[in-house]
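Examination of the molecular architecture
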Amino acid sequence: MNTKAVRIYGKKDLRLEEFQLPPIGDDEILATVVSDCICMSSYKAAMQGPDHKRVPDNVAVNPTMMGHEFSGEILKVGAKWQSEFSPGQKYAIQPALNYKGSLDAPGYSYRFIGGNATHVVIPNEVMEQKCLLPYNGDAYFYASLAEPMSCVIGAFHASYHTTAGSYVHDMGIAAGGNMAILAGAGPMGLGAIDYAIHCNRKPSLLVVTDIDEARLSRASEVLPIEKAAKNGVKLVYMNTADSAELMALTDGSGFDDVFVYAPVSKVIELGDSILARDGCLNFFAGPTATDFSASLNFYNVHYAATHIVGTSGGNTDDMRESLSMMEQGLIDPAAMITHVGGLDAVIDTTLNLPDIPGGKKLIYTHISMPLTAIEDFGSSDNPVLREIAGIVERNNGLWCAEAERYLFERL
């Protein structure tokens, strides 16, 4: 079968090509890719090329497919997996395979599987590691968002608190505690807010800070404080970097859980300064500088049992939880998406990702379309996008299943 895919050949060397996939083996699966979200991790891989830990040294002669936040439909199943999977099933993939200790992952390391493609061959190790996940929702884009949401969920699970009088760690955020998400009005922060007010281990107080008033305003529109209150969470949005202001919201006791969503030293230090006794500082944002550092109060580490934790991605259980909550309508990470484009938009978008404002960039691999901000659909020269603008407007400005279906039907 022919596929069209964006492949990496070296640093900043991405190419959109059409070529023949090999026939699948008895332990492989042939699938179509429908949607993929472009991630900063893909940008880093494109910039670093073979210097990236997941990109093979020989990509110049054996290029690999880009894209790791993808979903689609199974077309053909090899004999080994026919009892577990069947043609017509929708799927999502957990790219962090951890197969025999290797860092190899779809979207970085494989010649014939990646999200920036029309068709892929799913190798045996994906199924062996239980990383091919059935998806039963209506819209493909939600399954593409399952991977970034799993990162959010994994961070919540990795946070911990101590048990008085023992060395046993109680994993997860403090149930009914005080939580702050600093620099939290970006796309991943929106996912964290959504999860915090809908998961089964909620804080009682959730404070979200950002210094971008426009981002705070949008966050409060898509995730209003009234919605949080109905779920038993007092949600507060604040444009502040003042520790006294934040501490006042807790009557001076501090925050049990603080999540830092920007790799900025001052933000980390602010988070450290507002921790309660036994407070957990979760450094979520991934820095690019290998010598990145910040100051911490080690007096409080010793006497107030404050501590720090960080995670890079979620595991397969986190992704299953993400898919399940989306299928049940408990969370709606559509707020993460601000731009939509086709496969022909992938290269420019990936190489220039830090300079493109907004949140997640959603790619539909079987259409041709320049990357377009959803807020600009209404003024587009394309009548299809102008029609979709009305659909999105009726959905509180968010991308949705109806918009996806309309796009598929018209483009």
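Below: a short report on this structure. (Residues numbered from 1 in each chain as written. Predicted model: local features only at pLDDT ≥ 70, side-chain atom pairs only at ≥ 80, totals over all residues. Heavy atoms only, no water.)

The complete set of buried residues in helix α8 (residues 265-273) reads Val267, Ile268, Leu270, Gly271 and Asp272. Buried residues in α8 make contact with β11 (178-182), α7 (243-248), β14 (255-260) and β15 (275-283). (Buried < 20%, exposed > 50% of the residue type's maximum accessible area, 1.4 Å probe, protein only. Helix = DSSP H or I, 4+ residues; strand = E, 2+ residues; numbered from the N terminus. Contact = heavy atoms within 4.5 Å.)

A separate point is the packing of helix α3 (residues 140-158) against helix α10 (residues 316-327). Each pair of packed helices gets described by two things: the angle between the helix axes and the distance between those axes. The interhelical angle for the contact between α3 and α10, taken along N-to-C directions, is 120°, at an axis separation of 7 Å. What the angle tells us is that α3 and α10 run oblique. When the axes of α3 and α10 are compared, the crossing they make is right-handed. Residue-level inspection shows Tyr142, Ala143, Leu145, Ala146, Glu147, Met149, Ser150, Ile153, Gly154 and His157 of α3 in contact with α10, the latter providing Asp318, Met319, Glu321, Ser322, Leu323 and Met326. In terms of residue class, the contact of α3 with α10 is made up of 9 nonpolar, 4 polar and 3 charged. (Axes fitted to C-alpha atoms, helices over the stretch in contact; angles between N-to-C directions. Parallel < 35°, antiparallel > 145°, perpendicular 65-115°, else oblique. Left-handed = near helix turned anticlockwise from the far one by under 90°. Nonpolar A, V, L, I, M, F, W, Y, C, P; charged D, E, K, R; others polar.)

Turning our attention to unusual backbone geometry. Of note in this structure, Lys12 is not a glycine but carries a positive phi near 60°. Within the element layout of this structure, Lys12 appears in the loop between β1 (2-10) and β2 (13-20). At Lys100, a residue that is not glycine, the phi angle is positive and equals roughly 55°. As for its placement among the helices and strands, Lys100 is situated in the loop between β6 (90-93) and β7 (119-122).

Time to look at the sheet that holds strand β16 (residues 307-310). Pairing in this open sheet of 6 strands is parallel, and the strands run β13-β12-β11-β14-β15-β16 from one edge to the other. The strands lining the two open edges of the sheet, one partner per strand, are β13 (234-238) and β16. Put simply, the sheet's adjacent strands are angled 15° from each other on average, direction ignored. The pairing of β11 with strand β12 (residues 205-209) spans 4 bridges and is classified as parallel. Its bridge partner being in β12, Asn178 is matched across the sheet by Leu205. Its contacts with the sheet place helix α4 (residues 187-198) against β11, β12 and β13, and it is angled at close to 175° to β12. (Pairing = 2+ DSSP bridges.)

Over its 19 residues, α3 runs 28 Å from end to end, which matches the ideal 27 Å to within 8%, given 1.5 Å per residue. Where burial is concerned, most of α3 is hidden: 18 out of the 19 residues are buried. (Expected span 1.5 Å × (residues − 1).)

It is worth spelling out the packing of aromatic side chains at this point. The final tally for this structure, using the stated rule, is 11 aromatic pairs. An aromatic cluster of at least three residues, connected via ring pairs, comprises Tyr140, Tyr364, Phe377, Trp399 and Phe408. Geometry around Phe19 places Arg7 over its ring, the cationic atom sitting 3.9 Å from the centre. Positioned over the ring face of Tyr9 is Arg15, at 3.7 Å from the centre of the ring. (Phe/Tyr/Trp six-rings, centres within 6.5 Å; stacked < 30°, edge-to-face > 60°. Lys NZ or Arg CZ within 6 Å of the ring centre and 35° of its normal.)

Mapped onto the secondary structure, Leu398 falls in the loop between α12 (383-394) and α13 (401-410). Residue classification places Leu398 among the buried residues on the basis of a relative accessible area of 9%. The spatial distance from the C-alpha of Leu398 to the C-alpha of Thr250 is 33 Å, given a sequence separation of 148 residues. Those residues in contact with Leu398 that lie beyond four places of it in its chain are Arg218, Val222, Asp332, Ala334, Ala335 and Val392.

With that out of the way, let us pick up the pairing of strand β17 (residues 337-342). The side chains of a regular strand alternate, first on one face of the sheet and then on the other. For β17, a buried count of 6 out of 6 residues is recorded, marking the element as mostly surrounded by other parts of the structure. Examined bridge by bridge, β17 and strand β18 (residues 360-364) share 5 bridges and lie parallel to one another. When the sheet's bridge partners are listed, Ile337 is paired in β18 with Lys360. Once the chain exits β17 it traverses helix α11 (residues 346-351) before rejoining the sheet at β18, and the crossover so formed is right-handed. Of the pairings in the sheet, the one linking β17 to strand β19 (residues 372-373) comprises 2 bridges and is antiparallel in character. By the bridge assignment for β19, His339 is matched with Ala373. (Right-handed = clockwise from strand over helix to strand, strands pointing away.)

Right, let's talk about the pairing of β14 for a bit. Burial runs high along β14: 5 of the 6 residues are buried. The sheet contact formed by β14 and β15 spans 5 bridges and is parallel. Its bridge partner lying in β15, Val258 is registered against Leu281.

It is worth spelling out the nonpolar core at this point. Membership of the largest hydrophobic core comes to 71 residues, with the highest contact counts inside it found for Phe141, Leu206, Val340, Ile388 and Trp399. For this core, the element with the most residues is α3, which contributes 12 residues. Aside from chain neighbours lying at most four places away, what touches Val340 is Leu362, Tyr364, Met369, Pro370, Leu371, Thr372, Ile374, Phe377, Trp399 and Leu407. In terms of nonpolar packing, the next biggest core, distinct from the first, is built from 27 residues, Ala5, Met65, Phe85 and Val121 among them. (Core = buried A, V, L, I, M, F, W, Y, C linked by side-chain atoms within 4.5 Å.)

We now examine the sheet that holds β1. The strand order across the open sheet built from 3 strands is β2-β1-β4, with neighbouring strands paired in antiparallel fashion. Each having just a single partner strand, β2 and β4 (64-65) make up the two edges of the open sheet. Inspection of the sheet shows β1 paired to β2 by 8 bridges, in the antiparallel sense. In the strand pairing of β2, Ile8 is matched with Leu14.

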